[in-house]
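Tertiary structure, described
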Amino acid sequence: TTEIYTLSLHDAPSFLFSRFGSTWIYQAVARKVDPAVFGNVSQFAIVVCANDFDPEKYQALLRLFGIAYLSSADPLSVLRPYLSVFTTAKCKLEGIESGSFDASSFDARRAFLASPISAVVKRFGPETILLWNAVMLRKRIVVFSHQVADLLQFTRSLPLLAWHRQNWGILRPYVTITEPEIRDLKATGVYIAGTTDTRLSSRSEMYDLLVDLSEDSIVVADHARDDFALSSMHKDVAKLLLETAEQGNDQAVIKSLALKTREIIGKLESLGTPLSFEKVRQDAKPQLARFLMSLAQAEGMEIAA
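About the cut-offs
- Every chain begins its residue count from 1, and numbering advances along the sequence as written.
- Under the rules for a predicted model, residues below a pLDDT of 70 receive no local features and side-chain atom pairs below 80 are neither given nor counted, while totals for whole chains, interfaces and linings still include all residues.
- Each side-chain value is worked out from all heavy atoms of the structure, with water and hydrogens disregarded.
- Cavities and pockets are defined on a 1 Å grid built over the protein atoms alone: a cavity is a set of grid points where a 1.4 Å probe fits but cannot escape, while a pocket is an open set with protein on both sides within 12 Å along at least five of seven lines, and lining residues are those with an atom within 4 Å of any such point.
- Grid points are joined across faces, edges and corners, and a volume is the space filled by probe spheres set on the points.
- Residue polarity is assigned by list, with Asp, Glu, Lys and Arg as charged and Ala, Val, Leu, Ile, Met, Phe, Trp, Tyr, Cys and Pro as nonpolar; anything else, Gly included, falls into the polar class.
- Helix and strand definitions here come from DSSP, where helices need a minimum of 4 consecutive H or I residues and strands a minimum of 2 consecutive E residues; each element is numbered from the N-terminal end.
- Pairing of N or O atoms within 3.5 Å defines a polar contact, subject to two protein rules: one partner must be a possible hydrogen donor and the other a possible acceptor, and residues neighboring in sequence count only if both atoms are side-chain atoms.
- Pairs of residues are marked as contacts when any of their non-hydrogen atoms sit within 4.5 Å.
- Each residue after the first adds 1.5 Å to the expected span of a helix.
- Throughout, exposure labels follow a simple rule: accessible area from a 1.4 Å probe, protein chains only, divided by the maximum for the residue type, with under 20% read as buried, over 50% as exposed, and the rest as partly exposed.
- For two strands to be treated as a pair, DSSP must find no fewer than two bridges joining them.
- To define axes, lines are fitted to C-alpha atoms, for helices over the stretch in contact only, and angles between the resulting N-to-C directions are given on a 0 to 180 degree scale.
- By convention, a stacked pair of Phe, Tyr or Trp rings (six-membered ring in the case of Trp) has centres within 6.5 Å and planes under 30 degrees apart, an edge-to-face pair has planes over 60 apart, and any other such pair is tilted.

Quick notes on empty space enclosed by the protein
Under the counting rule described, the total for this entry stands at 3 cavities of 30 Å³ or more. Of the pockets and cavities examined, the largest cavity occupies roughly 100 Å³. Together, 13 residues line the largest cavity, and Val135, Arg138, Arg165, Asn167 and Ile170 are the ones closest to its centre. When grouped by side-chain class, the residues that make up the lining of the largest cavity number 9 nonpolar, 1 polar and 3 charged.

Observations regarding the layout of surface pockets
Reported here for the largest pocket is a volume of approximately 320 Å³. Lining the largest pocket are 14 residues; nearest its centre among them are Val48, Leu61, Phe65, Tyr82 and Val85. Secondary structure elements with two or more residues in the lining of the largest pocket: strand S3 (44–50), helix H3 (55–70) and helix H4 (76–88). Tallied by class, residues from the lining of the largest pocket come to 13 nonpolar, no polar and 1 charged. Surrounding the second largest pocket, 13 residues form its lining, Met233, Lys267, Asp283, Leu288 and Leu292 being those nearest its centre. Elements represented by at least two residues in the lining of the second largest pocket include exactly helix H11 (232–245), helix H12 (250–270) and helix H14 (286–298). In terms of residue count, H12 provides more of the lining of the second largest pocket than any other element does, 5 residues in total.

A short note on the side chain of Asp227
Tracing the sequence through the fold places Asp227 in the loop between strand S10 (217–220) and H11. Within the local environment of Asp227, its side chain forms a polar contact with the side chain of Arg290, the two groups lying 3.3 Å apart. The residues contacting Asp227, other than those within four sequence positions of it, are Asn133, Leu137, Lys139, Arg290 and Ser294.

Here's the deal with H3
Relative to the 22 Å expected for 16 residues at 1.5 Å per residue, H3 spans 22 Å between its end C-alpha atoms, a close match to the ideal helical length. H3 sits mainly inside the fold: 12 of its 16 residues count as buried. For H3, every residue scored as buried is listed here: Pro55, Lys57, Tyr58, Leu61, Leu62, Leu64, Phe65, Gly66, Ile67, Ala68, Tyr69 and Leu70.

A word on the sheet that holds strand S2 (residues 23–30)
Pairing between sheet strands relies on hydrogen bonds along the backbone, with the strands arranged either parallel or antiparallel. Within the open sheet, the 3 strands sit side by side as S1-S2-S3. Their pairing is antiparallel. Two strands lie at the open edges of the sheet, namely strand S1 (14–20) and S3, each paired on one side alone. Between one strand axis and the next, the sheet turns through 20 degrees on average, direction left out of account. Pairing geometry for S1 and S2, over 7 bridges, is antiparallel. Note on S2: the bridge partner recorded for Phe17 is Tyr26. Its contacts with the sheet put H3 on S1, S2 and S3, and the angle it makes with S3 is roughly 140 degrees.

Quick look at the packing of aromatic side chains
How two aromatic rings sit relative to each other is given by the distance of their centres and the angle of their planes. Taken as a whole and judged by the stated rule, the model has 17 aromatic pairs. Pairing Phe17 with Tyr26 gives two aromatic rings, centres 6.4 Å apart and planes at 35 degrees, and the pair type is tilted. Residues Phe17 and Tyr26 agree in their burial class; the two are buried. Grouped by ring-pair contacts, the aromatic residues Phe15, Phe17, Trp24, Tyr26, Phe53, Tyr58, Phe112, Trp163 and Trp168 constitute a single cluster.

Brief notes about the sheet that holds strand S8 (residues 192–195)
One open sheet holds the 5 strands; their spatial order is S7-S8-S6-S9-S10, and the pairing between them is mixed. Looking at strand neighbours, the two that pair on one side only are strand S7 (171–172) and S10, the edges of this open sheet. One ladder, built from 2 bridges, connects S7 with S8; its direction is parallel. Opposite Leu171, over in S8, you have Ile192 as the bridge partner.

Things to note about unusual backbone geometry
For residues other than glycine, phi is negative in most cases, and the peptide bonds are mostly trans. Between Thr273 and Pro274 the backbone carries a cis peptide bond, its omega angle lying at 0 degrees. Relative to the elements of secondary structure, Pro274 occurs in the loop between H12 and helix H13 (277–281). One non-glycine residue with positive phi stands out, namely Ala73, at about 60 degrees. Within the secondary structure layout, Ala73 lies in the loop between H3 and H4.

Observations concerning the environment of Asp227
Each C-alpha atom of the pair Asp227 and Leu152 lies 26 Å from the other, and the pair is 75 residues apart in sequence. Within the local environment of Asp227, its side chain forms a polar contact with the side chain of Lys139, the two groups lying 3.0 Å apart.

A closer look at the pairing of strand S9 (residues 209–212)
Each regular strand shows side chains that alternate between the opposite faces of the sheet. Residue alternation in S9 divides its side chains into two sets, Leu209 and Val211 and Leu210 and Asp212, and both sets are buried. Where strand S6 (residues 141–144) meets S9, 4 bridges bridge the pair, whose relative direction is parallel. Within S9, the residue paired with Val142 across the bridge is Leu210. Of the strand pairs in this sheet, S9 and S10 are connected by 4 bridges, and their pairing is antiparallel. For Leu210, the partnering residue across the bridge sits in S10 and is Val219. The hairpin formed by S9 and S10 contains 4 residues between the paired strands, and Asp216 there has a positive phi angle of roughly 50 degrees.

Here you go:
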């Protein structure tokens, strides 16, 4: 038993997370089990559904549940720590090193920041501005990769490009091509969806921007090209992203971009409401004016009829 516990602690089960509707789904899969305990069962999965986004918290909790279940293959061994967490937000497995969990040691804001946004910028260079444009204008983004871990890490980084919204609810880090999931995406309207299924990435009607992590490429869907026309402002933001990312400091990237975003939105707000294309056009060229109007709409500002 001790040997199996050691495996579960140092060789963590596969872990993934996604969202369906308004529910976050966290799943851990254990692929190393003791045949003397589990018989013909070669692996098992434990799933937790929750209302909040905190992968690190739920990965720690699922690991603890996995350790408890590995010892006996008895569901009651998971129920006990679950009830303890449900009632006290903490639990401890007696006699197990690192076999404790305390929800108070996890911070939701830390979960938002636990993504290497500077690595995203370095990976895509100047093309990162297309990601920023898509997130700011609430466009539909589909991310393809052969590796689920790459999808999870990359997709959770993108909402950082619009830090002022702090909206991780638009994430669907891992989806398949099942009809319920497709209906969920359509009902959501705006999303950042990750997939390992080329059938989704080949359906251009499902996205405005396609990111292929296996090829390190970004493709704008034909129907969305007008919304991705770049302006002098995009050039300034791209330069800012590249310069701050070069330092390798994720918080510096987030802070500088948030300040720039606040500046852009502040200029829009200074024009008063309702906004109109003619009003915005007075101080901006057509491509920039179009972007600013789309941004105003994405921010929920009042637009003239």
